[in-house]
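Topology and contacts: notes
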Amino acid sequence: MEKVIAYLESPTWLGHAATQQEIYVKTLLGMGKRVVVVTPYPEETQLWKDKIAPAERERLYICKLEMPPQKGLAKKFKWLWVDRQISRAAKEAGWSVDLVLVTWLDGLKVSFVKALLTGLLFRYSWSGLYFLPTHFRSDTVIAKRKRIRQILADSALLLCSRCRGIGVLDEGTIPGLQKVKRNLPVFLPELTEKAVIETAEIDSIRLMAGGRCIFALLGHLAARKGVLEFLRLARDFDDDKGFFLMAGQFDPASFEPEELAEIRQLLETKGRNNCFFKLAKVESAKEFNAFLACSDVLYLGYKNFYHSSGLLAKAAHFRKPVIAGKGYCIGERVERYKLGITVNISCYQEIKAAAEVLAEEETRRRFAGGSGFAEYDGQNSVAALRKALQQLLG
């Protein structure tokens, strides 16, 4: 009898949840598992389920995730709500769940006392994907008391007898997690959608750029992504050498009022021919990739972001050099694999100088011709994911 895995989504379906779900669940099915996907958007899963082989479809059941309760005991104890979701899904599928794969452990973090109670409230063996375990990186800027409090709460949760392992995308968190339990953390590859769909909009951007270096800032356009610095760069850069592309959902609430006022001025494109700004979410992953594929340099000048990024994996796949902040996970990888230039992200002149260097076609060609892009891209493979999942599933 195949092992039954319950693949539990977050109610908020953050980040690249749809892409991650399809890659992970297809890999689990390829490993011979039966999978119950518990998701807030079952219709999205059904779209790709209809296209897989009949034998695999028989081993995949989709169950709608109910929203967390607003009152009662299950609101106070998140894991009790999760237990009920898994129990309901197992009953619907008619299968006995062997292990729950929690795909957004960050959303199920609890206090130290509640973590101790989790072993009593949650009846299933589980493994979790932990995306932002910031306090387990020794180089992050966190108050000592806060770091200790968060580590203690996490330790109580992760040392529960039913916890089988924790998957992380940032290797810098592994030493800290190993102090909790030696064989607890499992390093996961950064898998993303890589297919591209060309559109008339992309063709138009290429025509507007007219052979100039296209610098791109893509994805969720929040303050931490360096939006303000990118827009200043577009304002100050030599119009004959650079074209600036920004596409994604704009998040005005993440900025201070004075920053927002400056951004609104910098977004005024009348009379300018060096930029294209699309302040709306790019719904299709393939269309998103088209924006990246048509660019020449990817801007990853993130502020106070310590962990991995799927955009760096995409940049490696499409052989696009990046501008990134020094240090932490992204900066360390950019330097290790020679994927671009790292800068002091608080120094605008350093950012501008790096852009001027990468605006030269010969410099970009030299970066893209290095072995680091292929090496990093090759590590983020389905084969690597399969090996990691085998460890997580026990």
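Look up: the structure comes first, before these words.
Heads up: these notes are all about the structure in this document. Keep in mind it's a predicted model, so treat the numbers as computed, not measured.

**Digging into the packing of aromatic side chains**
- Taken as a whole and judged by the stated rule, the model has 13 aromatic pairs.
- Between the aromatic rings of Trp 79 and Trp 126, the centroid separation amounts to 4.8 Å while the plane-to-plane angle is 50°, which identifies the pairing as tilted. Taken together, the residues span a long stretch of sequence, with Trp 79 in helix 5 (residues 78-93) and Trp 126 in strand 5 (residues 126-130) at a distance of 47 residues. Comparing Trp 79 with Trp 126, the two get one shared label, buried.

**Digging into the pairing of strand 6 (residues 163-168)**
- Among the six residues that make up strand 6, five are buried, leaving the element largely enclosed by the rest of the structure.
- As paired elements, strand 5 and strand 6 share five bridges and run parallel to each other. Bridge pairing links Ser 127 to Gly 165 in strand 6.
- A crossover connection joins strand 5 to the parallel strand 6 through helix 7 (residues 144-158); in handedness this β-α-β unit is right-handed.
- In terms of strand pairing, strand 6 meets strand 7 (residues 185-187) through three bridges, oriented parallel. Each residue of the ladder has a partner; that of Ile 166, found in strand 7, is Pro 185.
- Taking the sense of rotation as the criterion, the β-α-β connection linking strand 6, helix 8 (residues 174-180) and strand 7 turns out right-handed.

**With respect to the nonpolar core**
- Counting residues in hydrophobic clusters, the biggest one holds 69 residues, and the most contacted among them are Ile 205, Phe 215, Met 246, Phe 291, Leu 298, Leu 300 and Ile 323.
- If sequence neighbours within four positions are ignored, Leu 298 has contacts with Ala 216, Leu 218, Leu 292, Leu 311, Ala 315, Pro 321, Val 322 and Ile 323.

**Quick notes on the environment of Gln 20**
- Of note, Gln 20 is situated in helix 1 (residues 17-30).
- With a relative accessible area of 15%, Gln 20 lands in the buried category.
- A polar side-chain atom of Gln 20 sits 3.2 Å from a polar atom in the side chain of Tyr 7.

**Quick look at the sheet that holds strand 4 (residues 99-102)**
- One open sheet accounts for seven strands, arranged 3-2-1-4-5-6-7; its pairing is parallel. The open sheet is flanked by strand 3 (60-64) and strand 7, the only strands paired with a single partner. In this sheet, adjacent strand axes meet at a mean angle of 20° when their direction is disregarded.
- Judged from the four bridges that link them, strand 1 (residues 4-8) and strand 4 form a sheet pairing that is parallel. Following the sheet pairing, Ile 5 is matched in strand 4 by Leu 99.
- Across the sheet, helix 5 is in contact with strand 1, strand 2 (34-39), strand 3, strand 4 and strand 5; its angle to strand 3 comes to roughly 130°.

**A look at the packing of helix 10 (residues 227-236) against helix 11 (residues 257-266)**
- Two elements in contact, helix 10 and helix 11, have axes whose closest approach is 10 Å; the angle formed by their N-to-C orientations is 35°. For the pair helix 10 and helix 11, the sense of crossing is left-handed. For the pair helix 10 and helix 11, the contacting residues are Val 227, Leu 228, Leu 231, Arg 232 and Arg 235 in the first and Glu 259, Glu 262, Ile 263 and Leu 266 in the second.
- Within the contact of helix 10 with helix 11, the residues separate by chemical class into five nonpolar, no polar and four charged.

What counts and what doesn't
- Residues numbered from 1 in each chain as written.
- Predicted model: local features only at pLDDT ≥ 70, side-chain atom pairs only at ≥ 80, totals over all residues.
- Heavy atoms only, no water.
- Phe/Tyr/Trp six-rings, centres within 6.5 Å; stacked < 30°, edge-to-face > 60°.
- Helix = DSSP H or I, 4+ residues; strand = E, 2+ residues; numbered from the N terminus.
- Buried < 20%, exposed > 50% of the residue type's maximum accessible area, 1.4 Å probe, protein only.
- Pairing = 2+ DSSP bridges.
- Right-handed = clockwise from strand over helix to strand, strands pointing away.
- Core = buried A, V, L, I, M, F, W, Y, C linked by side-chain atoms within 4.5 Å.
- Contact = heavy atoms within 4.5 Å.
- Polar contact = N/O pair within 3.5 Å; in protein donor to acceptor, adjacent residues only side chain to side chain.
- Axes fitted to C-alpha atoms, helices over the stretch in contact; angles between N-to-C directions.
- Left-handed = near helix turned anticlockwise from the far one by under 90°.
- Nonpolar A, V, L, I, M, F, W, Y, C, P; charged D, E, K, R; others polar.

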